[in-house]
Structures are given as C-alpha cells and as structure tokens.
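Chains, contacts and geometry: an overview
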Amino acid sequence: MERISLIMDKTTREMVMSEKTLARFSKLGELSFNDGCGQNKALKNATVAITSWGNTTLDAAALNEAPELRLVCHAAGSVKPIVSDELWNRGIRVTSSNAPLGMGVAETALGFTISASKNFYALNENISKGGWNEGKENIRELYDLRVGVVGFGWAGRHYAELMRNFLVDVVVYDPFMSADAIREAGAEKVEFEELLRTCDIVSVHAPSLPETFHMFNAGTLGLMKKDAVLINTARGALIDEQALAAHMRAGNLKYACLDVTDPEPPAADSPLRSIPNVILTPHLAGLSQNGLRRIGHHVCEEIERFLSGERMIAEVTRDMLAKMA
C-alpha cells in the first residue's frame, strides 16, 4: 500500500483539500499529516509526498526520512521552493498544480477581456454620475478581433482555449514553444513585435525571468494599437509601470487591466491608481476561496495517473526549471 504524506501544515491542507478529496486520497493509500510535527517528520516513510505553500526544500536530510519516496505532488504553483539536486538525483518525480492555477488565471483574463471589450468600466462610471448611454459607442464584441497571448504555459494555453468559444483570431508569442504545438492548440505563432502591432487584445501570461523583465516598456507599448486592451495576470515586473502610466496618460490603450503590479500592493502614490482606464485588482487571478480546492482534486488525479502508469499532465523535470517562474 502507498504511504501518502500531506506535509503541508493543517491550515494550508484545509485550504486546498476538501473532505471529499481527502476521502478519495484515503482509497489510494495510508495517509499521514503534518499537524505540528514539522515537515521532515511528517515525511517519514512516505512513498508519495504532497507539498504546498509554506514547505521548504526537500534536501538530503528531509529525503533520508523517506528512502522509498517516488513522487512529490506540489499543491501550489512553482516547485522551485521545494526541489533540490538531491531530489532529482534520486529519480523522484515531481508534479505541480500550475494546471488548475492556470485555469483560474485564464478565467480572470477572460473576465477582463469581456468587460474591457464591452466597456463595462467606463459605462459604470458614467451611470454612477447620472448618465446612461455615454460610452456605448466604444463597445466591441468578441468577434473578428485579433487576440494576442504572450506566454503559452498553462494559463496562456487555457486562455487561448477559452478564446476558441469566440470568433476571434488568436496569435501567440512564446520563444520556447514550437509553431506546430501552438498550431495544434488552434493558434498561430508570431513574433512579439507583430503581436503588439496587430492585436486588439493582448493578454500576458509569461513567467517572470530576467529575459521578460519590463518586456512591456516605452518602446514596445508604443507599438500597440491606441484602442487595444492590455491584460496582465502574470507578474508585475513584466511591465515598466512608469512607462505604462505615461502611455495611458497620453491617451493610448482603451484599458490596461492589471491583476499584478510591481511592487504589490502598488505604492499609495503610484500613478496607476489614479488613471481611470487602468483597472487594478489585488492579485486574485489565481484560484481563491472555494476555487483553491481545485488543487486538491488535481493532485489526487495526478497520483491516480502515476499509480496506474499513465502520463501525469503537470510533471516538472529539472530541465524545465530554467524556463519556469
């Protein structure tokens, strides 16, 4: 029988695991929990470990507690806080929860896409001031538009999939993805500059890496259509916020919808707080509240796939880390 150790703390476990999911886990093996005993002791003799936010690196000292460990399922996003060379060297496989988290991000980006295109924000402001029809001339339906996706990881792919419900053309910039893989997902691979020049909506899903720092700056923002919508549900550091503020104040872009900023929260005197068509939300695009329990459901399915010899959908390898946030 498998020995499955949930080594996240009790508070995190209750956040990402429903009772229904825990009951499903119990059918896969013997469960143990970290209810105050500490990460390493909770790991003792496990064959499968489930980590999450708050867990630290699984180094040699930790892994020596579980010499038969074969799989680590990370019930959170990036696995970088928990993996180590020792883990990879022992041949332990790793899977993340970027897939369900990406779904939440993509769905938030879809919400921004619809609300900005339909001009909800300006219309609401006008109505709150006693108006009614002012701004309706700026409504755009999701029809015959060109939608650009920057970054084609879990969130970017799911966003592109959601866009297939509308009669729009989807193009993708991602230097790590092949044109064939993007074409199979129903989109077209293009260069960054072409995407910016031609798209009506640009949704950002790239990781925060040295190569992506301030990829949206005065020069690249200047390539975008004046009536385009920019959506960022990825990381704030991808956008030069001073350049964006200047660009918006000059009357460019229909909306900039930002769920992430750099820093978070934005400074009290950040110019982004006072520009009417800059829409800010408090980093809510990933799963939250009841949605976080999608993670436990996903982890359970990954373990089931692993135990049955099927391909895990969110496996992470050492080679993949350099391209991931």
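Nothing here was measured: the structure is a model prediction, and the numbers come from that model.

Some details on the layout of surface pockets
Taken as a whole, the largest pocket holds about 1500 Å³ of empty space. In terms of lining residues, the largest pocket is bounded by 50 residues, among which Asn98, Gly153, Trp154, His205 and Pro207 are the most central. Looking at the lining of the largest pocket, the elements with two or more residues in it are helix 6 (98-117), helix 8 (154-163) and strand 13 (315-316). By residue number, the principal contributor to the lining of the largest pocket is helix 6, which donates four residues. What lines the second largest pocket is simply Ala99, Pro100, Met103, Trp154, His158, Arg294, His297, His298, Glu301 and Ile313. Of the residues contributing to the lining of the second largest pocket, the split by class is five nonpolar, three polar and two charged.

Comments concerning the sheet that holds strand 12 (residues 278-280)
Spatial ordering of the open sheet is given by 8-7-6-9-10-11-12, a layout of seven strands whose pairing is parallel. The sheet is open, and its two borders are formed by strand 8 (188-189) and strand 12, each paired with just one other strand. As judged from the three bridges shared by strand 11 (residues 255-258) and strand 12, these two strands associate in the parallel manner. Paired with cysteine 257 across the strands is isoleucine 279, a residue of strand 12.

Cut-offs and rules
Along every chain, residues carry numbers that run from 1 in the direction the sequence is written. Per-residue local features are limited, in this predicted model, to residues with pLDDT of at least 70; the limit for side-chain atom pairs, both in listing and counting, is 80 or more; totals at the level of whole chains, interfaces and linings are taken over all residues. Just so you know, side-chain values use all the structure's heavy atoms and leave hydrogens and water out. Put plainly, a pocket is an open set of points on a 1 Å grid over the protein atoms alone with protein on both sides within 12 Å along at least five of seven lines, a cavity is a set where a 1.4 Å probe fits but cannot get out, and a lining residue has an atom within 4 Å of a point. Grid points are joined across faces, edges and corners, and a volume is the space filled by probe spheres set on the points. Here a strand is any run of E in DSSP of at least two residues, a helix any run of H or I of at least four, and the numbering for each starts at the N terminus. Under the scheme applied here, ten amino acids are nonpolar (Ala, Val, Leu, Ile, Met, Phe, Trp, Tyr, Cys and Pro), four are charged (Asp, Glu, Lys and Arg), and all others, including Gly, are polar. Pairing between strands is defined by DSSP: at least two bridges between the two strands are required.

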